[in-house]
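Each chain is listed here by its residues.
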Amino acid sequence: MAKCKTDCIERPLSLAFEKLGCVVGRHPWVFILSALCVAAALGPGFIFLHEREANDIEDQFTPVNGPAKLERAIVVEHFPQSEEFSQLRLASDGTYASLIITGLQRENILTEAAFNDIIELDRQVKSITSGNKTFGNLCAKTKGRCMSNAILDIINCSATKIVSSNIKYPMNNDTFLGTTIGGVELKPNSSELTSAKAVRLFYFLDEKKKEEKMMKNWLDGFLKLLSNSTEQKTVHVSYFTSISRQNELETNSDSVIPLFSVTYFLAISISIVSCLRLDPVRTKVWVATFGVVSAGMAVLASFGLLLFCGMPFAMTVATAPFLILGVGVDDMFIMISCWQKTEVHKAVELRLAETYKEAGVSITITTLTDVLAFYIGLMTPFRSVQSFCMYTSTALLFCYIFNITFFGACLALNGRREKANRHWLTFMKLPEGDGGGCCVGGAYDKNTDKEFEMPMDSFFKNYYGPFLTRVWVKALVCLIYAGYLAVSIYGCFQMQEGLDLKNLAADGSYVGSYYDKEDQFFSAFGPNVMLVIKDEDFQYWNPTARESLDLCLEKFQNLPVADSGIPPISWLREYMQFGQKASLNLDDEIQFKSNLTAFLNRFGFSQDVNFTNNKIHASRMFVLSVNIRTAVDEKNMLDVFRETAEKCGNLQTPVDLIVYHPAFIYFDQYAVIITNTIQNIVVATCVMLVISLLLIPHPLCSLWVTFAIASVIVGVAGFMALWDVSLDSVSMINLVICIGFSVDFSAHISYAFVSSEKSSANEKAMDAINKLGYPIVQGAVSTIAGVVVLAAAESYIFRTFFKIMFLVILFGAVHGIIFIPVFLTFLSTCRNSHEKNKQNLPEPSNSCKLQIQASVIQNVWCADPDCP
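Since the model is a prediction, treat every value here as computed from it, not as a measurement. Here, residues in each chain are numbered from 1, in the same order as that chain's written sequence. Local features in this predicted model are restricted to residues of pLDDT 70 or higher, and side-chain atom pairs are both shown and tallied only at a pLDDT of 80 or more, whereas totals for entire chains, interfaces and linings draw on every residue. Heavy atoms from the whole structure form the basis of all side-chain values; hydrogens and water molecules are not counted.

K.L.:
Lay out the overall build of the chain with the relevant residues and their values.
P.N.:
Here a helix means four or more residues in a row that DSSP labels H or I, a strand means two or more in a row labelled E, and each is numbered from the N terminus. When helices and strands are tallied, the chain shows 31 helices and 18 strands. With the principal axes as the frame, the chain shows a C-alpha extent of 110 × 60 × 55 Å. Taken over 868 residues, the chain has a buried fraction of 56%. Two residues qualify as a contact provided that any one of their heavy atoms is within 4.5 Å of a heavy atom in the partner residue. Considering only contacts within the chain whose residues lie at least 6 apart along the sequence, 79% involve residues at least 24 apart. Between buried and exposed lies partly exposed: a residue is buried under 20% and exposed over 50% of the maximum accessible area for its type, with that area taken using a 1.4 Å probe on protein chains only.

The structure is reproduced here in structure tokens:
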């Protein structure tokens, strides 16, 4: 039976790269100018950056087709906003400003002194103007008056009455105070307030007036007033508006702009240090510098192209250039290393042809794995993730193209300088010698006609490899891995889901302070959830149908997350009581409908029933939730409310209803975040397994690669949870990245092991480490350097990106140079099939071809003296 050849793709591709290298070496200026022209032509796309910015929180950070968005459409269709404002009945968050007022020392806020300050604050807020419009002109109104704050109505805006008033909590004369007063203490066995630690005021504006600019100016005036005077005599004030989150998110990316210059400085410095030699001719200072420039050009061209094409630019994309810089520098190391392994006396175009032949396939496979991982990320339902993946994958492709054109041409020009034995800085011709000074240069190994070996390669070959393959060291590595896996699995069970909206603001923002106070003092009561009966054929006058509806409401009220002490707000229950008092037979359809409109208008329920053309098209009721303090509580509440709604549809008389609250738009992320993350990881892992099967000529070793991918993902997921990173749309991006980078490290160390000509498993492991040890370290350091400055960002999003990238690269590198080599020594069946059938090889250089593919990560070269 014919055996599958592993070079059926690699061989023609290598030959194609060899020809390309020759052409680039002969005409470097053509490729340099072409690349510069492409970057210059596409770069102006950045003029559309402001226009393409897509920072709408709902659009970018909630599922595209989330159930709550469909539920909101039903609510808006059946219950359009009325002239009479009702916060309870809003289909969105509304347009508003809010204050949370607490005592300076967290003492009782229900004092005359504190309320003197509160009333003065209320007066100042209401005196804010927008152009010629006052708050009275812009406010949301009920019965012709601006919507007021219940606590101020109770005391009639007189601070002296706060002490003498007997205020009940949470219901005070049919007025709900649970979202107005927080941190309360009650009299024993009573609902009467004795003290409270916080008071919250709302100032709603009328969205129906369509004066968006005026309202925005008023809210800006509110923010300006409060930012200039947040401390009063006796109280502390936290403030917030409906546009605050959006404003903070839009300005958040500005905090990372200064970090770009630091990143480029770090990347250039690390690249130069990695490629630095004391020999003034052989040193690769200019090559390393232009390698970083090449990555920068890739970002410029790719982003410009997508901006020209109208691709939305989400805030998360601002982290992509840091990643591209690290990855682009990795590919540069491969090409420089392969160049250093060519014979110095050959013509430049021949040296570059050999470089491309060895490095071309390597960087192609690396790019392929990373780009596929990002394109798979496009399947997620979050636009912020889709935008990041599109920009990053396109930038990686441009980075690859510029590496084999622009950077290769720069390498050729540097080769011409070396060929002429000229100084790297002055370009003066120097006498040949190996003195290591500034006046002589161009030294090389006389035995091989190649440049001298780098010191780090000698370290991995002579010290690290033999040390790692000792029996007691392998036992210790297994023990360390067991500990790593145990901690990772423990961390996975501590994972929190969902993006906390306050994390979209910068550190120290007034938004964070407001959310903290809200969580501290106003988490006892959650959203007032809307129950919408959307069945047009539901017979509200039928006692059997009403009995099913009552049973359904009872199910909701008995939920652990619902307040059993406060009955649901039900127009139907009030209508039945009204009919009983008025001696109306509401079991009769005609009487039910004929009296309905008058009742709804009289008792304030007109917005709860869509009653037109003598038909009830839809109606709604409200159930109050309680104790929604954490993301887990939010997830559980959403799940249990929707499950109960489904159960209502299975009653003897089905009640077809949906549940809705504006906050559900954001809670929807909990319903999809885990399933979509697992879906992306599984699909990407399968794709990477196929790639590894193509690269590694032994199926069992390909399974080891899959094991390594799973191990890195578990480690990153577990440790990110222990590092206070939640599973959200931001961290989902990084888990997709995790797959591509873990392949880079693990697949090719396995291939190097399999393709080694050595006889024993230990010798194979040492050979693989010798070839890949330093490249893995170089790649890890350069990639981490590309994102390390994000650790200093004042934004959760950017810090999260750094944390997970750091974990991905760290664990990937540790698997590549510690865990996988040791585990492979236990697998004696992973032997080179080509070695077994060596007599069938048509020419000696075929052993080199296997080693070429082993250079898939970094600067791995062919060490076989028989190689051409």
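Once you've had a look at it, read on.
K.L.:
So, the sheet that holds strand β16 (residues 609-612): which residues are in play, and what are the values?
P.N.:
Spatially, 4 strands are ordered β16-β17-β15-β18 in an open sheet, and the strand pairing comes out antiparallel. Only two strands of the sheet have a single partner each, and these edge strands are β16 and β18 (657-660). Direction aside, the axes of adjacent strands within the sheet are offset by 20 degrees on average. A pair of strands is labelled paired if DSSP reports no fewer than 2 bridges between them. Bridge count for strand β15 (residues 525-533) against β18 is 4 bridges, and the pairing is antiparallel. Each residue of the ladder has a partner; that of L531, found in β18, is V659. Every axis corresponds to a line fitted to the C-alpha atoms, with the helix fit spanning only the stretch in contact, and the corresponding angles, defined between N-to-C directions, vary from 0 to 180 degrees. On the sheet, helix α5 (residues 67-78) packs against β15, β16, β17 (615-626) and β18 and is oriented at approximately 105 degrees with respect to β18. Contacts between helix α22 (residues 589-603) and the sheet are confined to β16 and β17, with β16 contributing the most and set at about 125 degrees to the helix.

K.L.:
Mind laying out the pairing of strand β1 (residues 95-103), listing which residues take part and the relevant values?
P.N.:
Of all 9 residues in β1, 9 are buried, a share of seventy percent or more. Residues T95, A97, L99, I101 and G103 point to one face of β1 and Y96, S98, I100 and T102 to the other, with burial holding for every one of them.

K.L.:
Hey, could you go over the packing of aromatic side chains for me, with residue numbers and the actual values?
P.N.:
Here a pair means two rings of Phe, Tyr or Trp (six-membered ring of Trp) with centres within 6.5 Å. Their orientation is stacked below 30 degrees between planes, edge-to-face above 60, and tilted elsewhere. A full pass over the atoms with the stated rule returns 57 aromatic pairs. Measuring from centroid to centroid gives 5.2 Å for F176 and F525, while their planes differ by 90 degrees, and the two rings are edge-to-face. You can see F176 sitting in strand β7 (residues 175-176) and its partner F525 sitting in strand β15, a full 349 residues away along the chain. Overall, the relative accessible area of 23% leaves F176 in the partly exposed class. With a relative accessible area of 13%, F525 lands in the buried category. Placement of a positive charge over a ring is assigned whenever Lys NZ or Arg CZ falls within 6 Å of the ring centre and within 35 degrees of the normal to the ring plane. A cation sits over an aromatic face here: R200 above F522, 4.5 Å from the ring centre.

K.L.:
Tell me about helix α20 (residues 543-557), residues and numbers included.
P.N.:
One less than the number of residues in a helix, times 1.5 Å, gives the span that helix is expected to have. Compared with the 21 Å implied by 1.5 Å per residue over 15 residues, the 21 Å span of α20 between its first and last C-alpha is a close match. Among the residues of α20, those classed as buried are A545, R546, S548, L549, C552, L553, F556 and Q557. Next to the buried residues of α20 lie β15, α21 (571-581), β17, α23 (631-648) and β18. Polar contacts here mean pairs of N or O atoms no more than 3.5 Å apart (in protein, one a potential hydrogen donor and the other a potential acceptor; neighbouring residues in sequence count only if both atoms are side-chain atoms). For α20, the N-terminal cap is N542; the gap from its side-chain oxygen to the backbone nitrogen of T544 is 2.8 Å.

K.L.:
Describe the packing of helix α14 (residues 320-340) against helix α15 (residues 348-376), and please don't skip the residues or the numbers.
P.N.:
For the pair α14 and α15, the least separation of the axes is 8 Å and the interaxial angle reads 150 degrees. Put simply, α14 runs roughly antiparallel to α15. Crossing hand, α14 versus α15: right-handed. Every angle not falling under 35 degrees, over 145, or within 65 to 115 is termed oblique; those three ranges are roughly parallel, roughly antiparallel and roughly perpendicular. Left-handed describes a crossing whose near helix is turned anticlockwise from the far helix through less than a right angle; right-handed describes the clockwise counterpart.

K.L.:
Just give me the short version of the packing of helix α11 (residues 244-252) against helix α19 (residues 510-521), but keep the residues and values in it.
P.N.:
In the contact formed by α11 and α19, the axes pass within 10 Å of each other and the chain directions differ by 140 degrees. It follows that α11 is oblique to α19 by the angle criterion. For the pair α11 and α19, the sense of crossing is left-handed. Facing α11, whose interface residues are S244, R245 and E248, α19 presents Y510, V511 and Y515. Class assignment of the residues belonging to the contact of α11 with α19 gives a composition of 3 nonpolar, 1 polar and 2 charged. Amino acids outside the nonpolar list (Ala, Val, Leu, Ile, Met, Phe, Trp, Tyr, Cys, Pro) and the charged list (Asp, Glu, Lys, Arg) are all regarded as polar, and Gly is one of them.

K.L.:
Talk me through unusual backbone geometry; I want residue IDs and the actual numbers.
P.N.:
A cis amide bond, omega 5 degrees, links Y169 with the succeeding residue P170. Its place among the elements puts P170 in the loop between α9 (161-164) and β6 (171-172). The backbone of N156 shows a phi angle near 55 degrees, a positive value even though the residue is not glycine. Assignment of secondary structure puts N156 in the loop between α8 (150-154) and α9.

K.L.:
Give me the lowdown on the pattern of salt bridges, citing residues and values where you can.
P.N.:
A carboxyl oxygen of Asp or Glu within 4 Å of a side-chain nitrogen of Lys or Arg is what we treat as a salt bridge. Applying the stated criterion across every chain, the model contains 30 salt bridges. Residue R277 pairs with E451 through a salt bridge whose shortest N-O separation is 3.6 Å. Pair noted here: R277 is in the loop between α12 (257-275) and α13 (285-308) and E451 is in the loop between β14 (441-442) and α17 (455-468), with a separation of 174 residues, a long-range link. Here the salt bridges share partners, and the residues they tie into one network are R277, R282, K284, R351, E418 and E451.

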